[in-house]
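Below, each chain spelled out in residue letters.
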Amino acid sequence: PSTDIQNAYIRLGDSSGIDSGASDYAYHLMRNKSNSGSYAGQASSATSSIQMGAVGTGTGEGMGGMLYLSRPADGTLYPVIHGTYTSYYVNTYVLESGVITGVRLSGISVDRVQIFIGAGNIVTGRLTVWGISHT
């Protein structure tokens, strides 16, 4: 990111665009950090995006993870996101990891994904999307 230690977020969309309404999503994020023996959690039952972990701007800092989108192609069920992430902050020497679960609170035929951060821009990175065709 261009701004240090920002949370990353994900949104889903269909042919009408990315869904970003104030109550389009619900999520739970379990976070654990290398400088703490306890777990922290964030959750919302009505929000504009699904929160992922935090990422910083320092040399060697970054975030990686694997997220899954579970839903049928016809949009009859609410699309669910679940997965894990890991990030590292060099300036504070903190390793963070967590488990993400989230849902788009209506059935849509997802054909796009948006990843963004709380403030600033994503300066560099790579997103790989795999799909399985059910015919």
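Look up: the structure comes first, before these words.
The paragraphs below set out a description of the structure included in this document. Bear in mind that the values here come from a model prediction, so they are computed numbers and not experimental data. (Residues numbered from 1 in each chain as written. Predicted model: local features only at pLDDT ≥ 70, side-chain atom pairs only at ≥ 80, totals over all residues. Heavy atoms only, no water.)

So, on to the packing of aromatic side chains. Any aromatic ring pair is given by two values, namely how distant the centres are and how the planes are angled relative to each other. In the structure shown here, the tally under the stated rule is one aromatic pair. Between tyrosine 9 and phenylalanine 116 the ring centres are 5.4 Å apart and the planes differ by 20 degrees, which places this aromatic pair in the stacked class. Of this pair, tyrosine 9 sits in strand β1 (residues 6-14) while phenylalanine 116 sits in strand β9 (residues 112-117), and the two are 107 residues apart along the sequence. Each member of the pair, tyrosine 9 as well as phenylalanine 116, carries the same accessibility label: buried. (Phe/Tyr/Trp six-rings, centres within 6.5 Å; stacked < 30°, edge-to-face > 60°. Helix = DSSP H or I, 4+ residues; strand = E, 2+ residues; numbered from the N terminus. Buried < 20%, exposed > 50% of the residue type's maximum accessible area, 1.4 Å probe, protein only.)

Time to look at a nonpolar patch on the surface. The grouping of Val113, Ile115, Ile122, Leu127 and Val129 at the surface amounts to a nonpolar patch, some 450 Å² of accessible area in total. The topology assignment puts leucine 127 in the segment after β9. Overall, leucine 127 belongs to the exposed group, its relative accessible area being 57%. (Patch = residues over 30% accessible without salt bridge, like charges linked within 9 Å, V, L, I, M, F, W, Y side chains within 5 Å. Areas by Shrake-Rupley, 256 points an atom, 1.4 Å probe, with all protein chains shown as cover. Salt bridge = Lys/Arg side-chain N within 4 Å of Asp/Glu carboxyl O.)

With that out of the way, let us pick up unusual backbone geometry. Leaving glycine aside, a negative phi is the common case for residues, and trans is the common case for peptide bonds. Unlike most non-glycine residues, isoleucine 5 shows phi in positive territory, near 45 degrees. In this structure, isoleucine 5 sits in the segment before β1. Taking the relative accessible area as the measure of exposure, isoleucine 5 reaches 39% and is therefore partly exposed.

The next thing to look at is the side chain of aspartate 24. With respect to the element layout, aspartate 24 can be found in the loop between β2 (17-18) and β3 (25-33). With relative accessibility at 16%, the residue aspartate 24 sits in the buried group. In this structure the side chain of aspartate 24 is engaged in a polar contact, spanning 2.6 Å, whose partner is the backbone nitrogen of glycine 21. Not counting residues within four places of it along the chain, the set of residues in contact with aspartate 24 comprises Asp19, Thr47, Val103, Arg104 and Leu105. (Polar contact = N/O pair within 3.5 Å; in protein donor to acceptor, adjacent residues only side chain to side chain. Contact = heavy atoms within 4.5 Å.)

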